[in-house]
Amino acid sequence: MEVEHVDFVSVPVTDMERSTAWYRDTLGLPQTGDGGFPEFKLGDNAFLYLLSLEAIGSSFQGPHTAALALRVPDVAAARAELEGRGVVFAGETFDTGVCHMAPFADPDGNALMLHRRYAPQES
């Protein structure tokens, strides 16, 4: 199988209006669509799609707990910006020796993180 591109990732939410405002206004992601399921542009290759599971005949079973890593130019600067907008991070920024990571969550508890790899990729 050849994957050409990541089109979108779905994030389950319990309050569409609150989550739309949070992803748009707090995170500052560009909103590219609505139609009942808002989409937000993630960099140059993917979209984040808010999903109300009740609207498709299911129910919210809990948040995503495996973090969606958002690559940013500078983790410390992005973290400071988001903290200024009220985002609470889960502890200190991690330096793994390869990258910096700063975990946080959306209003429904879906795991996200700011990420920046600084070490060269191994071949």
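Here's a quick rundown of the structure. Keep in mind that what you see is a predicted model, and the values were worked out from it rather than measured.

### Quick notes on the nonpolar core
Turning to step 1, where the next piece is worked out: Counting 27 residues, the largest nonpolar core has Tyr23, Leu27, Leu50, Phe104 and Leu114 as the members making the most contacts within it.
Turning to step 2, where the next piece is worked out: Put simply, the parts of the chain that give this core at least two residues each are α1 (16-26), β3 (39-42), β4 (46-51), α2 (75-84), β7 (99-105) and β8 (111-117).
Turning to step 3, where the next piece is worked out: Here the element with the most residues in this core is β4; it accounts for five residues.
Turning to step 4, where the next piece is worked out: Apart from residues lying up to four places away in sequence, Leu114 is in contact with Leu70, Val72, Val75, Ala78, Arg79, Leu82, Phe89, His100, Met101, Ala102 and Phe104.

### What to know about the sheet that holds strand β5 (residues 68-71)
Turning to step 1, where the next piece is worked out: One open sheet holds the four strands; their spatial order is β5-β8-β7-β6, and the pairing between them is mixed. In the strand order of this sheet, the two ends are held by β5 and β6 (94-95), each with one partner.

### Section: the packing of aromatic side chains
Turning to step 1, where the next piece is worked out: Applying the stated criterion across every chain, the model contains six aromatic pairs.
Turning to step 2, where the next piece is worked out: Taken together, a centroid distance of 5.0 Å and an interplanar angle of 85° make the contact between Trp22 and Tyr23 edge-to-face.
Turning to step 3, where the next piece is worked out: Classification of Tyr23 as buried rests on a relative accessible area of 0%.
Turning to step 4, where the next piece is worked out: Aromatic rings pair up to connect Trp22, Tyr23, Phe40, Phe89 and Phe104 into one cluster.

### So, α1
Turning to step 1, where the next piece is worked out: By the burial criterion, the buried members of α1 are Met16, Ser19, Thr20, Trp22, Tyr23 and Thr26.
Turning to step 2, where the next piece is worked out: The opening residue of α1 is Asp15, an N-cap whose side-chain oxygen sits 3.3 Å from the backbone nitrogen of Glu17.
Turning to step 3, where the next piece is worked out: Just downstream of α1, Gly28 is the residue with a positive phi angle, here 80°.

### Re the environment of Ala80
Turning to step 1, where the next piece is worked out: Inspection of the secondary structure puts Ala80 in helix α2.
Turning to step 2, where the next piece is worked out: C-alpha separation for the pair Ala80 and Pro63, spaced 17 residues apart in sequence, amounts to 25 Å.

### Points about the pattern of salt bridges
Proximity of charged atoms lets side chains of opposite charge pair with each other.
Turning to step 1, where the next piece is worked out: One pass over the structure, following the stated rule, counts four salt bridges.
Turning to step 2, where the next piece is worked out: Salt-bridge contacts for Arg24 lead to Asp25; the nearest nitrogen and oxygen are separated by 2.8 Å.
Turning to step 3, where the next piece is worked out: A residue is classified by how much of its surface remains accessible, and Arg24, at 35% relative accessible area, is partly exposed.
Turning to step 4, where the next piece is worked out: What makes Asp25 partly exposed here is its relative accessible area of 46%.
Turning to step 5, where the next piece is worked out: The salt bridge partner of Arg79 is Glu83, with a shortest N-O separation of 3.0 Å. Taken together, the residues span about one helical turn, with Arg79 and Glu83 both in helix α2 at a distance of four residues.
Turning to step 6, where the next piece is worked out: Overall, the relative accessible area of 38% leaves Glu83 in the partly exposed class.

Rules used throughout
- Residues numbered from 1 in each chain as written.
- Predicted model: local features only at pLDDT ≥ 70, side-chain atom pairs only at ≥ 80, totals over all residues.
- Heavy atoms only, no water.
- Core = buried A, V, L, I, M, F, W, Y, C linked by side-chain atoms within 4.5 Å.
- Buried < 20%, exposed > 50% of the residue type's maximum accessible area, 1.4 Å probe, protein only.
- Helix = DSSP H or I, 4+ residues; strand = E, 2+ residues; numbered from the N terminus.
- Contact = heavy atoms within 4.5 Å.
- Pairing = 2+ DSSP bridges.
- Phe/Tyr/Trp six-rings, centres within 6.5 Å; stacked < 30°, edge-to-face > 60°.
- Polar contact = N/O pair within 3.5 Å; in protein donor to acceptor, adjacent residues only side chain to side chain.
- Salt bridge = Lys/Arg side-chain N within 4 Å of Asp/Glu carboxyl O.

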